[in-house]
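In case you want the letters, here they are:
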Amino acid sequence: MKKTLYLKFLLAYIIFGLFGFVAVATFSSSLTLEHETRETAETLYEEASLISKTYASDLYNNQITIENAYSQLNALATYLSASIWIVNPSGTVVLNSVEMPDISNPKVIENFDPSITADSYYIRDDFFGEFDEEMLSVYTPITSNYKIKGYVVIHQPMSELRKRSDDYLSITYITLVVLIFLSLIILLFFTEIFYIPLKKIIHATEQYAAGNMHYEFSIDSNDEMGYLAATLNYMASEIARSEDNQKKFVANVSHDFRSPLTSIRGYLEAMIDGTIPPEMHEKYLNIVLNETDRLTKLTNSLLTLNNLNTKGMVLELSDFDINQVIRNTVATFEGTCEQKSISISLILTGEVMMVHADMTRIQQVLYNLLDNAIKFSHNNSTITIETREKHNKLFVSVKDTGIGIPKDSLKMIFDRFYKTDLSRGKDKKGTGLGLSITKEIIHSHGENINVISTEGVGSEFIFTLAEAETDED
Ligand code: ADP
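Note that the structure is predicted; figures quoted are calculated from it, not measured.

1. Comments concerning the domain arrangement of the protein chain
- In terms of domain boundaries, the protein chain breaks down into domain 1 (5-164), domain 2 (224-309) and domain 3 (317-466).
- One C-alpha centre belongs to domain 1, the other to domain 3; they are set 110 Å apart.

2. Notes on helix 11 (residues 434-444)
- For helix 11, every residue scored as buried is listed here: Leu435, Ser436, Ile437, Thr438, Ile441 and Ile442.
- After helix 11 finishes, the residue Gly446 shows a positive phi value of roughly 80°.

3. A short note on unusual backbone geometry
- Here Asn111, not a glycine, exhibits a phi torsion of approximately 60°, which is positive.
- Among the structural elements, Asn111 can be located in the loop between strand 2 (93-96) and strand 3 (122-125).
- Overall, Asn111 belongs to the exposed group, its relative accessible area being 69%.
- A positive phi angle, close to 50°, is found at Phe127, a residue other than glycine.
- Within the fold, Phe127 resides in the loop between strand 3 and strand 4 (135-144).

4. Some details on the pairing of strand 11 (residues 449-454)
- Side-chain alternation along strand 11 places Ile449, Val451 and Ser453 on a buried face and Asn450, Ile452 and Thr454 on a face that remains uncovered.
- Sheet topology note: the strand 11/strand 12 (residues 458-467) ladder contains six bridges and is antiparallel. Counterpart to Ile452 in the pairing with strand 12 is Glu460.
- Joining the antiparallel neighbours strand 11 and strand 12 is a turn of three residues, in which Gly456 adopts a positive phi near 80°.

5. Considering helix 7 (residues 322-332)
- Those residues of helix 7 not exposed but buried are Ile322, Asn323, Val325, Ile326, Thr329 and Val330. Across the axial projection of helix 7, the buried residues extend over an arc of 160°, all falling on one side.

6. Re the sheet that holds strand 4
- An order of 2-1-5-4-3 is seen for the five strands of this open sheet, with the pairing classed as antiparallel. Whereas interior strands pair on both sides, the edge strands pair on one side only; in this sheet they are strand 2 and strand 3. Strand-to-strand twist of the sheet, defined as the mean angle between neighbouring strand axes without regard to direction, takes the value 25°.
- Of the strand pairs in this sheet, strand 1 (residues 83-87) and strand 2 are connected by three bridges, and their pairing is antiparallel. Among the inter-strand pairings, Val87 is bridged to a residue of strand 2, identified as Val93.

7. Examining the packing of aromatic side chains
- Counted according to the given criterion, the structure contains 22 aromatic pairs.
- Here Tyr45 and Tyr121 contribute two aromatic rings whose centre-to-centre distance is 5.0 Å and whose plane-to-plane angle is 50°, an arrangement assigned as tilted. Pair noted here: Tyr45 is in helix 1 (residues 5-60) and Tyr121 is in the loop between strand 2 and strand 3, with a separation of 76 residues, a long-range link.
- Residue class for Tyr45 comes out partly exposed when judged on its relative accessible area of 32%.
- Residue classification places Tyr121 among the partly exposed residues on the basis of a relative accessible area of 28%.
- Their ring planes at 20° and their centres at 6.4 Å tell us that Tyr215 and Phe217 sit as a pair that is stacked.
- When its relative accessible area of 9% is taken as the criterion, Phe217 is described as buried.
- Through pairs of rings, three or more aromatic residues link up here, namely Trp85, Phe112, Phe127, Phe128, Phe131, Tyr139 and Tyr151.

8. Let's talk about a nonpolar patch on the surface
- On the surface, Leu5, Ile174, Val178, Leu179, Leu182, Ile185, Phe189, Ile193 and Phe194 cluster together into a nonpolar patch covering about 830 Å² of accessible area.
- Elements with a contribution of two residues or more to the nonpolar patch: helix 3 (158-182) and helix 4 (184-209).
- Note on placement: Ile174 falls in helix 3.
- We classify Ile174 as exposed; its relative accessible area is 56%.

9. Some details on the layout of surface pockets
- Its volume calculated, the largest pocket comes out at about 720 Å³.
- Residue lining of the largest pocket: 21 residues in total, with Asn245, Gln246, Phe249, Asp415 and Arg416 positioned closest to the centre.
- Broken down by secondary-structure element, the contributors of at least two residues to the lining of the largest pocket are helix 5 (224-272), helix 6 (281-309) and helix 11.
- It is helix 5 that provides the largest number of residues to the lining of the largest pocket, a total of eight residues.
- Its residues assigned to classes, the lining of the largest pocket shows seven nonpolar, seven polar and seven charged.
- Computed from the structure, the second largest pocket encloses a volume of approximately 600 Å³.

10. Quick look at the nonpolar core
- In terms of nonpolar packing, the biggest core is built from 42 residues, with Ile322, Ile362, Leu366, Leu370, Phe461, Phe463 and Leu465 touching the most fellow members.
- Considering each element in turn, this core owes the most residues, seven residues, to helix 9 (residues 359-375).
- Here this core spans two domains, and each of domain 2 (224-309) and domain 3 (317-466) adds at least three residues to it.
- Discounting residues that sit within four places of it in the chain, Leu366 has contacts with Ile322, Val325, Ile326, Thr329, Val396 and Phe463.
- Core analysis: the next-biggest nonpolar cluster, separate from the first, contains 24 residues, Leu44, Ala82, Ile86 and Val138 among them.

Conventions adopted
Residues numbered from 1 in each chain as written. Predicted model: local features only at pLDDT ≥ 70, side-chain atom pairs only at ≥ 80, totals over all residues. Heavy atoms only, no water. Domains from an automatic or database assignment. Buried < 20%, exposed > 50% of the residue type's maximum accessible area, 1.4 Å probe, protein only. Helix = DSSP H or I, 4+ residues; strand = E, 2+ residues; numbered from the N terminus. Pairing = 2+ DSSP bridges. Arc of directions from axis to C-beta. Axes fitted to C-alpha atoms, helices over the stretch in contact; angles between N-to-C directions. Phe/Tyr/Trp six-rings, centres within 6.5 Å; stacked < 30°, edge-to-face > 60°. Patch = residues over 30% accessible without salt bridge, like charges linked within 9 Å, V, L, I, M, F, W, Y side chains within 5 Å. Areas by Shrake-Rupley, 256 points an atom, 1.4 Å probe, with all protein chains shown as cover. Salt bridge = Lys/Arg side-chain N within 4 Å of Asp/Glu carboxyl O. 1 Å grid on protein atoms, 1.4 Å probe; cavity = no way out; pocket = protein on both sides within 12 Å on 5 of 7 lines; lining within 4 Å. Points joined across faces, edges and corners; volume = space filled by probe spheres on them. Nonpolar A, V, L, I, M, F, W, Y, C, P; charged D, E, K, R; others polar. Core = buried A, V, L, I, M, F, W, Y, C linked by side-chain atoms within 4.5 Å. Contact = heavy atoms within 4.5 Å.

Shown next as structure tokens:
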């Protein structure tokens, strides 16, 4: 059988209970008897001292008769549940509270030795063989004229004392039972606070281990258990989300690779089997070349994205002139702009504007934004690139007056492989990865990128950069 935490706790509880009883039965029992003996001995000693000073000395001084003393001591002995003896130093019992005195044939205690008590005022034994059971015997000397005349000895059976101490002990047992029942509350708390949530967590982890990452559970408590459950839930949902993303990503990649490959294969087959006549080969080979370009672009973008996603991506930060980078990027698009009669207007802050960033990657950001702006602009339009300085940040905006982005798509354009329906006709080569790469780059710099766009009016992408720190001596 599986040794559950619960069983272990229950076992600990039972052991605690048993040890409690054993402790009471041994320690407490002997301590109580010890205490009871001492208390009784003290009381009896006080009585004995009193008797030795009153009746006993009176008896020795012949101030009362032996019958009188007997009746007095008998009453006192009944009251104390004890027997009171008056003994001569030689061991002759002068008076016994239990029997009428027989003066002619007095009882003699053999080997009577009052020094037997040593430095204690009581002894626990059969009193020189006079009793069949163990007795508590307390002594006090009777003195007259500085001489010991005799002793007052009070006996009480130890069985009597044991009975009393057992009575006290039964109170302790009852208290213990009550305590053990009360400590059941701890067991209940353990079950409620610890065991049930733990079982839920174990069940959930089993589900996750079996691959059911969508399994949800909750523990309604604000303590560490609740926090653990919430963290586990969150972990599972994150894994599930990244698994879903992974699946979507693979599906998208496969799809984007398959379509150019299918068309390349189709054209090549048609050329080989003669469906496309040799004089048309050049035209179709150019299409094939275009498709291979698209595949290369897709592969490169995927590699870039993969590198950017790797945690701890190293940025090669340096101070550089963003104005120069913008001008260079614009220059690479001159040919394309001419074809579409698009003009690019630059509104740049300062002649030189130094920023602190990874130049190659920012160049790629500008390239992606400008590439999109040109792709989605109408012929004979203007694209504006503007920089503005605010609070040690440089805001770079790339604005076009093209097809714009539908409101519903705005949230998604930075997602991998996302393309708006509007753009599909205009841009057949697009991979839908450009903006997600752009966003990753900007975010890895600790900066932000935003878009403002109206369908049919145009779009503006704005991102921030950190200005280079100037040493002003
Ligand atoms: P792609 O490489 O296909 O352009 P992006 O990630 O760069 O992919 O862009 C994603 C989608 O966002 C584009 O397919 C297009 O639908 C939309 N988009 C991006 N920039 C613009 C823009 N300037 N004007 C209109 N739509 C845009």
